[in-house]
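# Breakdown of the fold
Here are the chains, one letter per residue:
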Amino acid sequence: MSGVRAAGRPKPVNLALQGGGAHGAFTWGVIDALLADGRLAIEGISGTSAGAMNAAVMLGGIAAGGPEVARTKLAAFWQAVSVDGNLSGPQRALLDVFLGAWGLGGGNGAGWLPFAPVFAAPTTFNPLEINPLRDVVESHIDFDAVRRYDPIKLFIAATNVHTGKVRVFRRDEMRADVLMASAALPTLFKPVEIGGVPYWDGGYMGNPVLFPFFTETQTEDIVLVQINPIKRDETPDNARDILERVNEITFNASLMHEFRAIDFVRRLIDAGRLKDTHYKRIRLHRIDAQHELAGLGAATKLKADWDFFQRLHELGVAAGRRFLKTQFDMIGVEGTLDLQKELA
């Protein structure tokens with residue numbers, strides 16, 4: 001994979017893309033910057049919910065014609081889900097709610113009706129089972145091309161309703177149902193059945209999953225594109241803000257668990273206690289814009305106008321370029337995300 005600024009051999013990385021509702025347009029901007037730069041070779045991509053959508057659209061574009069096609073397809077996808085898209089009235093209304101609930105991996109209706117989506121079953125709130133994303137996904141992703149494209153591995157997370165465990169779908173399993181399962185909010189949609197097994201939003205157990213990279217890819221560098229804040233300085237004091245913070249904590253829990261596992265293994269390797277084993281010393285990097293996104297407020301995860309998506313895209317492009325400028329040289333050398341500080 002080459003770009004206009006590529007010089008020498010691109011550095012291999014894995015990309016891990018969080019869900020984040022309308023804020024997923026920030027991730028679109030980050031991807032746009034990384035693909036345009038061309039100095040990274042993507043070996044694997046992990047995505048959940050909104051991150052799964054970005055991952056599949058990007059991979060479909062790369063499979064169809066390379067990074068420039070992927071950039072074009074991502075822009076077309078986000079425009080299709082904006083208010084400038086061609087959705088019908090009922091689909092548009094439901095997608096606006098969906099984008100808000102999508103934001104934290106599932107179940108968050110705080111920006112719309114404070115309590116109704118949280119306590120209403122999907123048969124009550126969405127009796128016609130309208131899924132406004134399915135048509136958009138099916139019209140913007142060539143799943144046959146995705147399944148055939150061997151150079152990049154793809155990992156999409158969903159939650160098994162019966163066992164409560166994460167299910168990771170690989171590239172050769174990709175179809176619209178997998179993406180719908182990864183973004184199936186229990187308060188809006190019935191579980192998506194795949195092979196007779198019901199699945200809900202993947203954010204409950206992996207937002208996003210990192211562990212497939214440990215054994216299924218060669219590179220030890222993971223670039224996490226993080227949308228949902230782990231830390232906030234203010235204490236919520238109303239129902240909507242409390243629910244928002246509870247959801248942030250809940251849907252970051254699996255990511256923090258993987259941070260701890262990576263840190264633990266790294267310390268054992270550094271102490272010489274895991275010689276001649278399959279364990280790898282993972283190097284973690286993070287691209288985010290926590291202050292900018294937190295300043296927009298949770299309610300903006302409902303916004304679906306094209307101007308807002310473009311604003312988020314610009315924030316993502318700036319964050320991606322900033323990462324490349326300040327941390328690119330450390331890829332392949334040392335992680336730039338201080339896990340011990342993050343976990344302290």
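To be clear, the structure that these remarks concern was listed above.
Structure report, in brief.

All right, on to the nonpolar core then. If you look at soluble globular proteins, the nonpolar side chains tend to sit buried side by side. By size, the foremost hydrophobic cluster in this structure holds 65 residues, and its most contacted members are Ile45, Met58, Val137 and Leu179. With 8 residues, the single largest contributor to this core is helix H2 (residues 50-65). Leave out the neighbours within four places in its chain, and Ile45 touches Leu15, Leu17, Ala55, Met58, Ile152, Lys153, Leu154, Phe155 and Phe213. Leu210, Leu224, Leu255 and Leu339 belong to the second largest nonpolar core, which has 17 residues in total.

Another point: the pairing of strand E6 (residues 197-201). With 3 bridges connecting them, strand E3 (residues 153-160) and E6 associate as antiparallel partners. By the bridge assignment for E6, Ala158 is matched with Asp201. Bridging between strand E5 (residues 192-194) and E6 involves 3 bridges; their strand directions are antiparallel. When the bridges of E6 are listed, Ile194 appears paired with Val197.

Applying the stated criterion across every chain yields a total of 5 aromatic pairs. With 5.7 Å between their ring centres and 90° between their planes, Phe77 and Trp78 make a pair best called edge-to-face. Ring plane angle 75° and centroid distance 5.4 Å describe the contact between Phe169 and Tyr199, whose orientation is recorded as edge-to-face. Of this pair, Phe169 sits in strand E4 (residues 166-170) while Tyr199 sits in strand E6, and the two are 30 residues apart along the sequence. What makes Tyr199 buried here is its relative accessible area of 3%. Site record: aromatic cluster; members linked through ring pairs are Phe77, Trp78 and Phe309. Positioned over the ring face of Phe328 is Arg39, at 4.2 Å from the centre of the ring.

Before going further, it helps to examine unusual backbone geometry. For the peptide bond that leads from Asn207 to Pro208, omega is -5°, which places it in the cis range. Relative to the assigned elements, Pro208 resides in the loop between E6 and helix H10 (211-216). Within the chain, Ser49 stands out as a residue other than glycine whose phi angle is a positive 55°. Residues other than glycine seldom take positive phi values, yet Asp276 does so here, at roughly 60°. Tracing the backbone through its elements, the reader meets Asp276 in the loop between helix H11 (239-270) and strand E8 (283-287). Accessibility expressed as a relative area gives 83% for Asp276, which makes it exposed.

With that settled, the discussion passes to the layout of surface pockets. Taken as a whole, the largest pocket encloses approximately 450 Å³ of empty space. Taken together, 15 residues form the lining of the largest pocket, with Pro229, Lys231, Arg232, Gln290 and His291 sitting closest to its centre. The leading source of residues in the lining of the largest pocket is helix H12 (residues 290-296), at 4 residues. Along the lines of polarity and charge, the residues of the lining of the largest pocket split into 4 nonpolar, 3 polar and 8 charged.

Below, the discussion takes up helix H13 (residues 306-327). The periodicity of an α-helix, 3.6 residues per turn, causes residues three or four positions apart to be oriented the same way. Over its 22 residues, H13 runs 31 Å from end to end, which matches the ideal 32 Å to within 8%, given 1.5 Å per residue. Among the residues of H13, those classed as buried are Trp306, Phe308, Phe309, Leu312, His313, Gly316, Val317, Ala319, Gly320, Phe323, Leu324 and Gln327.

A pair of packed helices is characterised by two quantities: the angle between their axes and the separation of those axes. Two elements in contact, helix H1 (residues 24-37) and H13, have axes whose closest approach is 6 Å; the angle formed by their N-to-C orientations is 45°. Taken together, the axis directions place H1 and H13 in an arrangement best described as oblique. Crossing of H1 over H13 shows right-handed handedness. Of the residues in H13, those touching H1 at Ala25, Phe26, Trp28, Gly29, Val30, Asp32, Ala33, Leu34 and Asp37 are Trp306, Phe309, Leu312, His313, Leu315, Gly316, Val317, Ala319, Gly320, Arg321 and Leu324. Classifying every residue of the contact of H1 with H13 by side-chain character gives 13 nonpolar, 4 polar and 3 charged.

A few words on the environment of Arg39. Among the structural elements, Arg39 can be located in the loop between H1 and strand E2 (40-47). Given a relative accessible area of 17%, Arg39 falls into the buried group. Each C-alpha atom of the pair Arg39 and Leu324 lies 8.9 Å from the other, and the pair is 285 residues apart in sequence. At 2.7 Å, the side chain of Arg39 forms a polar contact with the side chain of Asp37.

Following the sequence through the fold, Leu179 ends up in helix H9 (residues 176-182). A residue is classified by how much of its surface remains accessible, and Leu179, at 0% relative accessible area, is buried. Taking the C-alpha atoms as reference points, Leu179 and Ala56, 123 residues apart in sequence, are found 8.3 Å from one another. If we ignore the near neighbours within four places in the chain, the residues touching Leu179 are Ala52, Met53, Ala56, Val137, Ile141, Phe143 and Ile156.

Rules used in this analysis
Residues numbered from 1 in each chain as written. Predicted model: local features only at pLDDT ≥ 70, side-chain atom pairs only at ≥ 80, totals over all residues. Heavy atoms only, no water. Core = buried A, V, L, I, M, F, W, Y, C linked by side-chain atoms within 4.5 Å. Buried < 20%, exposed > 50% of the residue type's maximum accessible area, 1.4 Å probe, protein only. Helix = DSSP H or I, 4+ residues; strand = E, 2+ residues; numbered from the N terminus. Contact = heavy atoms within 4.5 Å. Pairing = 2+ DSSP bridges. Phe/Tyr/Trp six-rings, centres within 6.5 Å; stacked < 30°, edge-to-face > 60°. Lys NZ or Arg CZ within 6 Å of the ring centre and 35° of its normal. 1 Å grid on protein atoms, 1.4 Å probe; cavity = no way out; pocket = protein on both sides within 12 Å on 5 of 7 lines; lining within 4 Å. Points joined across faces, edges and corners; volume = space filled by probe spheres on them. Nonpolar A, V, L, I, M, F, W, Y, C, P; charged D, E, K, R; others polar. Expected span 1.5 Å × (residues − 1). Axes fitted to C-alpha atoms, helices over the stretch in contact; angles between N-to-C directions. Parallel < 35°, antiparallel > 145°, perpendicular 65-115°, else oblique. Left-handed = near helix turned anticlockwise from the far one by under 90°. Polar contact = N/O pair within 3.5 Å; in protein donor to acceptor, adjacent residues only side chain to side chain.

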